[in-house]
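# Working through the structure, step by step
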Amino acid sequence: MLQNDLLLRALNGECVSRPPVWMMRQAGRFLPAYQKLREQYDFFTRCQTPELVAQITCLPVDVLGVDAAILFSDILVVLPAMGIEVQLIEGKGPWLVNPVERPTDTDRIRVPDVSQSLGYVFQGIRATLEKLDNRVPLIGFAGAPWTLLCYLVEGKGSSSFEKARAFCYHYPAAAHDLLSKLTRTTIAYLQEQVKAGVHCIQLFDSWAGWLTPEAFEEFALPYLQEITTTLSAYCPVILFPKGISFGLSALANSGAHAIGIDWTISPNQARTLVGNKLTLQGNLDPAVLLTDAHTIKQHTQHMIQVFGVNRYIANLGHGILPQTPVENARIFVQTVQEYTPEALSTKS
Ligand code: CP3
């Protein structure tokens, strides 16, 4: 039995005394103990070694007391399993040796047997669950097909993924072929994560907002829906389609238990679009955590007040910034955990 199941209760729409809180990208990036491990092991070694996965995943639970752990891994780990080599270059980010440039390149991409090729992830989950010892739920995750296609075609990170967008317009059949292979792989991959013991999953569509509403409907939505409909039979599903207020109402009927929103949409607007049946997650601007205690508390309390305590998971609107001081992250987490509507009204 979980000692703290607030996240799962919020996902199921149960009444809670305060919202659960965790932060996207909390397992790496900004924690000094993680930076030390970075000096000792390269990125994929960190992802592929179950003891390191468990250790890094538990860091924010130990250091900050967040209400959920997210597995230390990366959305890009499925690509090598599908036949595409990925490197992580210091200071530059992901780099693909042979990206997809022409339609025939998609022939090289296979749908793998994930239980073989990604077995280290599932071992990492088991090691993490042991180390977590039922303190908080463990969130599994994967990248959404469109966001993975961005890296497959662009071959690296980008500020706007125009090559990937052009590929979809130029070669729609090849794009759909690729997206469908990515979808089949992602479904199998997430199902195996659930079998290994994760309590819920988040699907990151970090670059959905680069698509036009029509392109989102064609190249992202059906694949998100397919994954969510299938996975929600196994565990609660959180969708994070960044930057697509125009697509929120369509996603409300995808079987997802929760939708993560970024800071470019107000909680009230999101609630109107998504309706009352789903949980919302988000959406503090991560830049708020670069300020001071007073400003962080003010913005965090205001955010909860607007979202409301129920059907809500407090989080940032995107990943925590690497330069965030640990103390500021702690203030954010504590402010949520100490939140009571009464305390707020006596202070204001
Ligand atoms: O940070 C965590 O909570 C751990 C798990 C995690 C990582 N990546 C570890 C990581 C998660 C959930 C991700 C998701 C991810 N990876 C996304 C979606 C979320 C988002 O932020 O939009 C995306 C787009 C990626 C792709 C990716 N991986 C990039 C662009 C980079 C380089 C820049 C960076 O730091 O984001 C990575 C590498 C990566 N993945 C690092 C970490 C901790 C940094 C590399 C390092 O520590 O050496």
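Here we come to the overall build of the protein. Across its full length, the protein holds 16 helices and 9 strands. Computed over C-alpha atoms, the radius of gyration of the protein comes to 19 Å, within 12% of the 20 Å expected from 2.2 N^0.38 for 348 residues, which places it in the range of a compact globule. For the C-alpha atoms alone, the extent of the protein along its principal axes is close to 65 × 45 × 35 Å. Here the protein holds 348 residues, and 57% of them are scored as buried. Contacts spanning at least 24 positions in sequence make up 74% of the contacts within the protein whose residues lie at least 6 apart.

In the neighbourhood of the ligand, 23 residues make up the surrounding shell, with R29, Y34, D74, S206 and H318 lying closest. The backbone of Q26 places a nitrogen or oxygen atom 3.1 Å from an oxygen atom of the ligand. One nitrogen or oxygen atom from the side chain of S206 is found 2.5 Å from an oxygen atom belonging to the ligand. In the complex, the protein chains occlude 89% of the 830 Å² of accessible area that the ligand would expose alone. By residue class, the composition of the shell around the ligand is 13 nonpolar, 5 polar and 5 charged.

Another aspect to go through is the packing of aromatic side chains. Summed over the entire model, instances satisfying the criterion amount to 11 aromatic pairs. Every member of this aromatic cluster is reached through a ring pair, and the members are Y34, F43, F44 and F72. Directly above the ring of W263 sits K242, whose terminal nitrogen or CZ lies 5.3 Å from the centroid.

Moving on: the sheet that holds strand β4 (residues 138-143). Read across the sheet, 7 strands follow the order β1-β4-β5-β6-β7-β8-β9 without closing on themselves; strand pairing throughout is parallel. Each edge of the open sheet is held by one strand with a lone partner, namely β1 (69-70) and β9 (312-316). Inspection of the sheet shows strand β5 (residues 200-205) paired to strand β6 (residues 237-241) by 5 bridges, in the parallel sense. Pairing of D205 across the sheet is with P241, part of β6. Across the sheet, helix α14 (residues 293-307) lies against β7 (258-261), β8 (279-284) and β9, angled at about 155 degrees from β8, the strand it touches most.

Attention now moves to helix α4 (residues 50-64). The end-to-end C-alpha distance of α4 is 22 Å, a good match for the 21 Å that 15 residues give at a rise of 1.5 Å each. Residue C58 marks the point of greatest curvature in α4, where the axis turns by about 35 degrees; the proline P60 follows within four residues. Among the 15 residues of α4, 11 are classified as buried, and the element is accordingly described as predominantly covered. Among all positions of α4, only P50, L52, V53, A54, I56, T57, C58, L59, P60, V61 and L64 are buried. Buried-residue contacts for α4 involve α2 (32-40), α3 (43-48), β1, α7 (119-132), β4 and α15 (326-337). Positive phi shows up at G65, right after α4, with a value of about 70 degrees.

What follows covers the environment of S73. Relative to the helices and strands, S73 resides in the loop between β1 and α5 (78-81). Its relative accessible area of 10% is what places S73 among the buried residues. Separated by 29 residues in the primary sequence, S73 and F44 have C-alpha atoms spaced 8.6 Å apart. Discounting chain neighbours no more than four positions away, the residues touching S73 are F43, C47, V121, F141 and Y189.

Looking along the chain, the bond that leaves G282 and enters N283 is cis, with omega of -15 degrees. Positive phi, normally seen in glycine, also occurs at R25, with a value near 65 degrees. Even without being a glycine, R311 presents a positive backbone phi close to 50 degrees. As for its placement among the helices and strands, R311 is situated in the loop between α14 and β9.

This part covers the pattern of salt bridges. The final tally for this structure, using the stated rule, is 8 salt bridges. Across the pair R9 and E14 runs a salt bridge whose closest N-O atoms are separated by 3.8 Å. Given a relative accessible area of 26%, R9 falls into the partly exposed group. Among the residues examined, E14 registers a relative accessible area of 37% and is labelled partly exposed. Close ionic contact of D67 with R18 constitutes a salt bridge, the shortest N to O distance being 2.8 Å. With D67 in the loop between α4 and β1 and R18 in the loop between α1 (6-11) and α2, this pair connects stretches of sequence that are 49 residues apart. Here D67 matches R18 in class, with each residue buried. Three or more residues joined by partner-sharing salt bridges are found here, namely D5, R9 and E14.

Conventions used here
- Residues numbered from 1 in each chain as written.
- Predicted model: local features only at pLDDT ≥ 70, side-chain atom pairs only at ≥ 80, totals over all residues.
- Heavy atoms only, no water.
- Helix = DSSP H or I, 4+ residues; strand = E, 2+ residues; numbered from the N terminus.
- Rg over C-alpha atoms; globule rule 2.2 N^0.38 Å.
- Buried < 20%, exposed > 50% of the residue type's maximum accessible area, 1.4 Å probe, protein only.
- Contact = heavy atoms within 4.5 Å.
- Near = heavy atom within 4 Å.
- Polar contact = N/O pair within 3.5 Å; in protein donor to acceptor, adjacent residues only side chain to side chain.
- Areas by Shrake-Rupley, 256 points an atom, 1.4 Å probe, with all protein chains shown as cover.
- Nonpolar A, V, L, I, M, F, W, Y, C, P; charged D, E, K, R; others polar.
- Phe/Tyr/Trp six-rings, centres within 6.5 Å; stacked < 30°, edge-to-face > 60°.
- Lys NZ or Arg CZ within 6 Å of the ring centre and 35° of its normal.
- Pairing = 2+ DSSP bridges.
- Axes fitted to C-alpha atoms, helices over the stretch in contact; angles between N-to-C directions.
- Expected span 1.5 Å × (residues − 1).
- Bend = angle between axes of the 7 residues up to and from the residue.
- Salt bridge = Lys/Arg side-chain N within 4 Å of Asp/Glu carboxyl O.

So, to be careful, I would describe these as geometric facts and stop short of saying anything about function.
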